[in-house]
Amino acid sequence: MTASIRWRKLFYSLIYIPLIAVALLQIFPLVWLLIFSLKDNQEVFTTAPWALPSTPRWENYVKVWSEGNINVNFINSVWITTVSVVLTVALASFVTFAITRMQWRLKSLVLGMFMVGLMIPVHSTLIPLFSLFTKIHLIDHPLSIILTYTAFNLPITIMILLGFYYTLPREVEEASIIDGCSVNRMFLQVILPMTTPVMVTTAIINMIYNWNEFVFVNTFISSDKYKTLTVGIQNFVGQYSTDWGAIGATLMISILPILIAFFFLSNQIVEGIAAGSVKG
Amino acid sequence: MNKVMSNKWIIALYVLPGFMFLAVLVYIPIVLTGYYGLMEWHGLGEMKFIGLGNYIKLIKDEMFWKSAYHSFLLALFSALSLIGYLLVALILAGRIKGADLFRKIYLIPMLLSSVAIAQLWLKIYHPTNGVLNLLLVAIGVEQPPTWLADPKIVLYAVFLAILWQYAGFYILIYYAALKNVPSALEEAARIDGAGPWQVAWKIKLPLISGVIKVTVVLAIVGSLKYFDLIYVMTGGGPNGASEVMASYMYRHAFKSFDFGYSSAIGFFLLLICLVVTWLIRKLTASDDHVQYS
């Protein structure tokens, strides 16, 4: 009996080996990035990659922040992401409410069109969008990417919101209508506040997508003053291709906001990502 | 009640703004892509209608089929890797201490920008100072590969980075689905004498078959339209050895400004993605849908 328990215990500890191995694989490249972002070339080329820097060179970060356009790109990423997220979540909430709570004939068709939107490759829309924005003089203008981010994130946002809206009890609307509430007031003052948790989740997911987006900015924006971080670091790394510490620091600056957000909001992020696909 | 909730004006007011975004910026462009594919057009200047010329050129374009082959190869690898992710998720969903922490660590790479990830992997694969070759030298490999400069290896090297980025995403999805399986079912099977493998194979997997189907579609279609890491890490090179459909299209569009031909590629890519989605759903459709309750 005791022997079998001991075997079982051994078996259960063995099971941790693959789990820890995968975790190390996932995290080690990022740890290495942090290490070399604090070294100078001398140290990168002569010491072992996993050796800690003798003195951490925080000046790498200071240097790249003001040199090039990293600070401008960073601020662009912040405000463009914020505007797109607010717009997307607001529009998606209205659509989701109408689809889940109101009665109309075309609703399954409209929902279907939003869901098929998830499967459409971005590249199949690039040239028409490029020529559309050129015609209406939005090329090289931040609005071009804000509008496209919103359009392309509506499907996944609606998909996550749907699950939550379906669980809201019908009685809420019935009570409001009997009290003489208009649909607008019912939605804005009763339903919408109830969906705060799921709105937060979709906002975080949208934030991650927009912050990391590359193809649209790279295609539509050509002025340095409007570029976001993803394209900014791409250009910067091209210019400083031999300075490992500077590149490392730039990459760290670009991923830090997401890492910090993940540290504080990991539960919402995990739930949002799972909800977006599992319920589909 | 029903009258209020079917007020056409309010429905239009709520749905139209969002729907206009989708129609104008997603659906009209995909139709236009097909239409532009019928033109000879170099961005600036007039379009000239040439019928199916671009599409015929595409079918005969060996370089395109090579990139399509690479895209399908990526789809195959992504689909096969799902088995590994499912295994990890099965272990994780057993009574594992720290399961929550593990799945969060796994997810981190997927949250970071592809450009940053691509730049990081460029450094990892660096022939002389990259951590990978330094490790290989440290364990005694005398001539470590040059990775991204080697046309025979480059494709797989990039695939590895892509799989690394998405692993946590799929593990997370499987984990969430497995946690939804009522524990009562598992306990009942255990009492009837089923071992952990039988429980996994006969009870858990059938119950999450719907989710598995979704991930297969996501992995395959996501691979077929894949672009970011490949574009930043290799640009499709050296000499087309890592070109995929989306990077091939992008090169024709925004390097050669051959808008007509690249529109044809873009439209073809769309058709492939939709047909493959439909095919997978058709092939995996089953009548005996299993439910939890």
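Please read all numbers here as calculations on a predicted model, not as lab measurements. (Residues numbered from 1 in each chain as written. Chains lettered and ligands numbered in written order. Predicted model: local features only at pLDDT ≥ 70, side-chain atom pairs only at ≥ 80, totals over all residues. Heavy atoms only, no water.)

## Considerations on the side chain of Ser176(A)
All names here are of chain A. For clarity, the threshold we go by: A run of DSSP states H or I qualifies as a helix once it reaches four residues; a run of E qualifies as a strand once it reaches two. Both are numbered from the N-terminal end. The rule is simple: take the accessible area with a 1.4 Å probe, protein chains only, and divide by the maximum for that residue type; under 20% is buried, over 50% is exposed, in between is partly exposed. Residue contacts are counted whenever heavy atoms from the two residues lie within 4.5 Å of one another.
Position of Ser176 among the secondary structure elements: in helix α9 (residues 171-178). What makes Ser176 buried here is its relative accessible area of 7%. Not counting chain neighbours up to four residues away, the residues in contact with Ser176 comprise Cys181, Met186 and Val190.

## A look at the nonpolar core
Soluble globular proteins: nonpolar side chains tend toward being buried together. Which entries qualify depends on this criterion: Take the buried Ala, Val, Leu, Ile, Met, Phe, Trp, Tyr and Cys residues and link them wherever side-chain atoms come within 4.5 Å; each set so joined is a nonpolar core. The split of the chain into domains comes from an automatic or database domain assignment.
Phe97(A), Phe220(A), Ile273(A), Leu107(B) and Leu111(B) are the most contacted members of the largest nonpolar core, which has 196 residues in total. Per element, the largest residue contribution to this core is 19 residues, and it comes from helix α7 (residues 154-179) of chain B. Looking at this core, you find at least three residues from each of domain 1 (2-37) and domain 2 (67-278) of chain A. Excluding residues that lie within four positions of it along the chain, Phe97(A) makes contacts with Met102(A), Tyr165(A), Val183(A), Met186(A), Phe187(A), Ile191(A), Met5(B) and Tyr14(B).

## A short note on helix α4 (residues 99-111) of chain B
To be explicit about the condition: By this rule, a helix spans an expected 1.5 Å times one less than how many residues it contains.
Between its terminal C-alpha atoms α4(B) stretches 19 Å, which fits the 18 Å expected from 13 residues at 1.5 Å a residue. Of all the residues in α4(B), the buried ones are Ala99(B), Phe102(B), Arg103(B), Lys104(B), Tyr106(B), Leu107(B), Ile108(B), Pro109(B), Met110(B) and Leu111(B).

## Concerning the packing of aromatic side chains
Stated formally: Pairing of aromatic rings covers Phe, Tyr and Trp, the last through its six-membered ring, and needs centres within 6.5 Å; plane angles under 30 degrees mean stacked, over 60 mean edge-to-face, and all others mean tilted.
Tallied over the entire structure, the rule returns 45 aromatic pairs over all chains. Summarising the aromatic geometry, the rings of Phe187(A) and Tyr14(B) are spaced 5.4 Å apart at their centres and angled 50° between planes, so their arrangement reads as tilted. You can see Phe187(A) sitting in helix α10 (residues 183-194) and its partner Tyr14(B) sitting in helix α1 (residues 8-36), one on each of two chains. For Phe187(A), a relative accessible area of 0% gives the class buried. Look at Phe227(B) and Tyr250(B): their rings are 5.0 Å apart centre to centre, the planes differ by 50°, and that puts the pair in the tilted class. A residue pair is termed long-range when its members are at least 10 positions apart, and Phe227(B) in the loop between α10 (209-224) and α11 (228-233) and Tyr250(B) in helix α12 (residues 245-254) qualify at 23 residues. Pair check on accessibility: Phe227(B) and Tyr250(B) agree, each one buried. Taken together, Phe130(A), Phe214(A), Tyr35(B), Tyr36(B), Trp41(B), Phe227(B), Tyr231(B), Tyr250(B), Phe254(B), Phe257(B) and Phe259(B) form an aromatic cluster joined through their ring pairs.

## Topic: the environment of Val200(A)
Among the secondary structure elements, Val200(A) is positioned in helix α11 (residues 196-212). Since its relative accessible area comes to 33%, Val200(A) is described here as partly exposed.

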